[in-house]
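# Coordinate inspection notes
Below, each chain spelled out in residue letters.
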Amino acid sequence: MKGMRSDIVRILLTRREIASKVAELGKKLSREYAGLEPLMVCVLKGSAIFFSDLCRQMDIPVQMDFIAAASYGRHSGSSGEVRLIKDLDVSIEGRHVLVVEDILDTGLTLHYLTEMLRSRKPASLKVCVLLDKPGRRRVAFEPDYFGFVIPNEFVVGYGLDYAEMYRNLPDICILKEEIYKK
Ligand code: PRP
């Protein structure tokens, strides 16, 4: 952890702030999905930590499934093509589906995933993101639920990575420019 801390400019959101927001979201979702037995969909890998905390803040029966997508050229401004890496295991037809993401950035990933999932005829399809970075949007997309709107900074921690590192930082931190620009 010591090595990782020296790559950080500062903490943007502390573990306490995150935990309190996740508890608030869990409460709200428990009310809205009461009696619906929602299928919570984790978008791997960034969402894994938020997803596991959020599910445990819900006091109604839920089911879980996992999906993974990769996007190309998201940061370079090129095509921004998204590809499915791992599909859901279960059918979502007639189910109340809640997609859980760590961050909504360009919008390309969630735009692609929600179009694909909607074609499978769920009873409802909503999206919950922990972080919304509207400054980087390339396709219009509004989440149904969000935790924090954040500025245009490169953030890592609480599941979010740079080159697969820093996901296990407990706080959401701003990464030093020299790390991702080197
Ligand atoms: C991140 C994040 C979202 C996506 C959001 O995933 O977890 O899935 O980017 O960005 P967008 O709105 O610009 O599409 P990434 O592709 O880095 O993979 P990971 O979840 O495995 O870290």
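Use the structure listed above.
Residues numbered from 1 in each chain as written. Predicted model: local features only at pLDDT ≥ 70, side-chain atom pairs only at ≥ 80, totals over all residues. Heavy atoms only, no water.

If you walk across this open sheet you meet the three strands as β1-β9-β8, and the pairing is antiparallel. Two strands in the sheet have a free side with no partner beyond their single neighbour: β1 (8–13) and β8 (155–156). Alignment of β1 against strand β9 (residues 172–175), held across four bridges, turns out to be antiparallel. By the bridge assignment for β9, Ile8 is matched with Leu175. (Pairing = 2+ DSSP bridges. Helix = DSSP H or I, 4+ residues; strand = E, 2+ residues; numbered from the N terminus.)

Okay, the site of the ligand next. Close to the ligand lie 15 residues; Glu101, Asp102, Thr106, Gly107 and Thr109 are nearest. Taking 490 Å² as the accessible area of the ligand by itself, protein coverage stands at 88%. Taken together, the elements giving at least two residues each to the shell around the ligand come down to β5 (96–104) and α4 (108–118). Counting residues per element, the shell around the ligand draws most heavily on β5, which supplies four residues. (Near = heavy atom within 4 Å. Areas by Shrake-Rupley, 256 points an atom, 1.4 Å probe, with all protein chains shown as cover.)

Another point: the packing of helix α2 (residues 15–32) against helix α3 (residues 48–56). Packing of α2 against α3 brings their axes to within 8 Å, and their N-to-C directions diverge by 55 degrees. Between α2 and α3, the interaxial angle falls into the category oblique. Relative to α3, α2 is oriented so that their crossing is right-handed. Contacts between α2 and α3 pair Val22, Leu25, Gly26 and Leu29 from the former with Phe50, Asp53 and Leu54 from the latter. A class-by-class count of the residues in the contact of α2 with α3 yields five nonpolar, one polar and one charged. (Axes fitted to C-alpha atoms, helices over the stretch in contact; angles between N-to-C directions. Parallel < 35°, antiparallel > 145°, perpendicular 65-115°, else oblique. Left-handed = near helix turned anticlockwise from the far one by under 90°. Contact = heavy atoms within 4.5 Å. Nonpolar A, V, L, I, M, F, W, Y, C, P; charged D, E, K, R; others polar.)

So, about the state of the cysteines. In this structure the tally under the stated criterion is zero disulfides. The cysteine Cys55 is free of any disulfide, with Cys42 supplying the nearest cysteine sulfur at 8.0 Å. (Disulfide = S-S within 2.5 Å.)

Remark on secondary structure: sheet strands pair via backbone hydrogen bonds, oriented parallel or antiparallel. Spatially, six strands are ordered β4-β3-β2-β5-β6-β7 in an open sheet, and the strand pairing comes out mixed. Unpaired on one side and paired on the other, β4 (82–86) and β7 (145–149) mark the two borders of the sheet. Between one strand and the next, the sheet's axes are offset by a mean angle of 25 degrees, whatever the strand orientation. Two elements, strand β6 (residues 124–132) and β7, share four bridges in a ladder whose sense is parallel. Bridging from a neighbouring strand, Leu131 pairs with Phe148 of β7. Packing against the sheet, α2 makes contact with β5, β6 and β7, and its axis sits at approximately 160 degrees to β7. In the packing of α3 onto the sheet, the strands contacted are β2 (39–44), β3 (63–71), β5 and β6, and the crossing angle to β2 comes to about 160 degrees.

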